Amino acid sequence: MTTALPSSVSIREVGPRDGLQSENPIAVADKVRLINALSRTGLSRVEAVAFVHPRAIPQMANADEVWEAVDRNPDVRYSALVPNLKGADRALKAGFTELEVVVSASDTHNRKNINRSTDESLDALGELIATVHDGGATAEVIVATSFGCPYEGDIAASRVAWVVDRAVAAGADRVAFGDTTGMGTPRRVRELLEAVRASQPDIPILLHFHNTRGTALANVLTALEYGVTEFDASVGGLGGCPYAPGASGNLATEELVHMLHDMGIDTGVDLDALLEVAVMAEGLVGRELPSGVLRAGPRTRLTPL
């Protein structure tokens with residue numbers, strides 16, 4: 001564990017992909033509007049689309065059309081999720097240079113998600129990652145259910161470390177850990193990071209927390225103490241996993257930015273601009289989003305006498 005907190009953090013905004021995949025489908029133009037607005041807030045990374053079959057996740061249909069219409073900010077790194085070789089080929093042809101593939105540490109969740117065992121998904125990683133590299137892109141392996149599974153319960157940190165070892169052996173450039181249904185706690189974050197770092201001390205790490213049970217920011221703080229500087233978050237708290245019961249409650253980007261800025265940790269994000277996008281996101285999905293900072297405003301916002 002490190003003793004000093006980092007001076008800056010990189011946030012990947014996942015609202016346009018992970019956030020929208022659990023909402024009622026919205027129009028292509030609205031997806032584009034959301035990505036463009038997020039790209040103007042100072043965020044350095046945006047997960048823009050997923051190249052999945054529309055029958056599997058209808059909310060992610062028209063990924064090619066969405067991406068073609070996006071006003072791409074040269075200061076933003078855009079990424080796409082791909083489930084398989086066909087998705088990777090589509091993403092590479094669209095021009096993406098950062099691709100993500102999901103493998104669940106939970107065998108049951110992996111079968112629900114992509115109809116394969118975890119071991120079968122790991123066996124297929126080598127060919128997929130080689131294709132991504134041949135296309136001039138990087139491959140990030142996202143380990144879903146890293147802190148627990150709604151079907152199997154707790155997932156041992158050693159199991160997650162085994163998945164990471166297999167992913168690195170297959171050529172993964174980086175790994176991310178998904179708290180798919182908000183089962184993570186600071187203790188479990190410590191256990192996971194220690195287990196992974198014991199065998200893979202150099203692989204870049206990103207953490208993706210849900211606030212389903214109110215622990216997301218506490219988990220971020222724990223990860224910061226271990227030197228983690230990359231996190232996912234979703235504007236307004238949009239999102240969840242359509243294959244995991246109770247998976248609501250992505251960590252809201254504005255809540256993460258609000259806390260980090262008060263700690264003196266730079267994100268590069270304009271919080272006021274981000275809150276404006278959160279209001280837009282509420283309008284696009286037609287429901288109130290769970291972000292506390294969106295509801296109450298920043299702690300420095302005063303009430304007129």
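Residues numbered from 1 in each chain as written. Predicted model: local features only at pLDDT ≥ 70, side-chain atom pairs only at ≥ 80, totals over all residues. Heavy atoms only, no water.

Student: Could you give an account of the layout of surface pockets, naming the residues involved and the relevant values?
Tutor: The computed volume of the largest pocket comes to approximately 880 Å³. For the largest pocket, the lining is made up of 43 residues, of which L81, P83, V102, N113 and I114 are closest to its centre. The dominant element in the lining of the largest pocket, judged by the number of residues it contributes, is helix α6 (residues 118–134), at five residues. The class makeup of the residues in the lining of the largest pocket is 21 nonpolar, 12 polar and 10 charged. (1 Å grid on protein atoms, 1.4 Å probe; cavity = no way out; pocket = protein on both sides within 12 Å on 5 of 7 lines; lining within 4 Å. Points joined across faces, edges and corners; volume = space filled by probe spheres on them. Helix = DSSP H or I, 4+ residues; strand = E, 2+ residues; numbered from the N terminus. Nonpolar A, V, L, I, M, F, W, Y, C, P; charged D, E, K, R; others polar.)

Student: A description of the nonpolar core should follow, citing residues and the corresponding values.
Tutor: The biggest cluster of nonpolar side chains holds 98 residues, and the ones touching the most others in it are F96, F177 and F231. The element contributing the most residues to this core is helix α11 (residues 271–285), with eight residues. (Core = buried A, V, L, I, M, F, W, Y, C linked by side-chain atoms within 4.5 Å. Buried < 20%, exposed > 50% of the residue type's maximum accessible area, 1.4 Å probe, protein only.)

Student: Mind laying out the environment of V189, listing which residues take part and the relevant values?
Tutor: Relative to the helices and strands, V189 is located in helix α8 (residues 186–199). A residue is classified by how much of its surface remains accessible, and V189, at 1% relative accessible area, is buried. Along the primary structure V189 and A157 are separated by 32 residues, whereas in three dimensions their C-alpha atoms are 9.1 Å apart. With sequence-adjacent residues up to four places away left out, V189 is seen in contact with F147, F209, N219, T222 and A223. (Contact = heavy atoms within 4.5 Å.)

Student: Can you break down empty space enclosed by the protein residue by residue, with the values?
Tutor: Scanning the model with the defined rule gives two cavities of 30 Å³ or more in all. In this structure, the largest cavity encloses a volume near 60 Å³. Around the largest cavity, the lining residues are P16, L20, K31, I35, A48, V49, Q59, M60, A61, A63 and V66. The residue makeup of the lining of the largest cavity, split by class, is nine nonpolar, one polar and one charged.

Student: Tell me about helix α9 (residues 216–225), and name the residues and values.
Tutor: All of the buried residues in α9 are A216, N219, V220, T222, A223 and L224. Looking at the packing, one finds that the buried side of α9 touches α8, β7 (205–208), β8 (230–233) and α10 (253–262). Looking one or two residues beyond α9, the residue adopting positive phi is G227, at roughly 85 degrees.

Student: Summarise the pairing of strand β2 (residues 45–50); cite the residues concerned and give the values.
Tutor: Of all six residues in β2, six are buried; the element is thus mostly enclosed. Examined bridge by bridge, strand β1 (residues 10–13) and β2 share two bridges and lie parallel to one another. Looking at β2, one finds that E13 is bridged to V46. Both β2 and strand β3 (residues 77–81) contribute to a ladder of five bridges, which runs parallel. (Pairing = 2+ DSSP bridges.)

Student: Before we move on, can you summarise unusual backbone geometry with the specific residues and values?
Tutor: In this model, N62 sits at a positive phi of 65 degrees, which is unusual for a non-glycine residue. Along the polypeptide, N62 turns up in the loop between β2 and α3 (63–69). Judged by relative accessible area, which is 42%, N62 ranks as partly exposed. One non-glycine residue, T145, lies in the positive phi region at around 50 degrees. In this structure, T145 sits in the loop between β5 (138–144) and α7 (157–169). In this structure T145 comes out as buried when scored by relative accessible area, which is 0%.

Student: Now, about the packing of helix α4 (residues 85–94) against α6: what can you tell me, with residues and values included?
Tutor: One can describe the packing of α4 onto α6 by two numbers: an axis separation of 10 Å at closest approach and a directional angle of 10 degrees. When the axis of α4 is compared with that of α6, the two are roughly parallel. On α6, the residues that touch L85, A88 and L92 of α4 are E127, L128, T131 and V132. Here the contact of α4 with α6 is built from residues that sort into five nonpolar, one polar and one charged. (Axes fitted to C-alpha atoms, helices over the stretch in contact; angles between N-to-C directions. Parallel < 35°, antiparallel > 145°, perpendicular 65-115°, else oblique.)

Student: Tell me what's going on with the side chain of E282, and back it up with residues and numbers.
Tutor: Looking at where E282 falls in the secondary structure, it is placed in helix α11. If we skip the residues at most four places from it in the chain, E282 touches R287, E288, L289, L294 and R295.

Student: Run through the environment of T267, naming residues and quoting values.
Tutor: Position of T267 relative to the elements: it lies in the loop between α10 and α11. Here the alpha-carbon distance between T267 and S10, two residues 257 residues apart in the chain, equals 6.1 Å. Once residues lying within four places of it in the same chain are set aside, the contact partners of T267 are V9, I11, G42, V257, L260 and H261. Separated by 2.6 Å, the side chains of T267 and H261 make a polar contact. At 3.1 Å, the side chain of T267 forms a polar contact with the backbone nitrogen of V269. (Polar contact = N/O pair within 3.5 Å; in protein donor to acceptor, adjacent residues only side chain to side chain.)

Student: Provide a residue-level description of the sheet that holds β8, including the pertinent values.
Tutor: Judged by pairing direction, the barrel is parallel, and its eight strands sit side by side in the order β1-β2-β3-β4-β5-β6-β7-β8 before closing back on the first. Within the sheet, the average angular offset between the axes of one strand and its neighbour, ignoring direction, is 30 degrees.

Student: Outline the pattern of salt bridges, listing residues and values.
Tutor: Considering all chains together, one arrives at 21 salt bridges under this definition. In this structure, D232 and R12 form a salt bridge, with 2.7 Å as the shortest nitrogen-oxygen distance. Linking D232 in strand β8 with R12 in strand β1, this pair joins segments that are 220 residues apart in sequence. Accessibility expressed as a relative area gives 1% for R12, which makes it buried. Close ionic contact of E98 with R77 constitutes a salt bridge, the shortest N to O distance being 2.6 Å. Here E98, found in strand β4 (residues 98–104), pairs with R77, found in strand β3; they are 21 residues apart in sequence, far enough to count as distant. Within the structure, one salt-bridge network assembled from shared partners comprises R12, R45, R77, E98, E100, E140, R174, E230 and D232. (Salt bridge = Lys/Arg side-chain N within 4 Å of Asp/Glu carboxyl O.)

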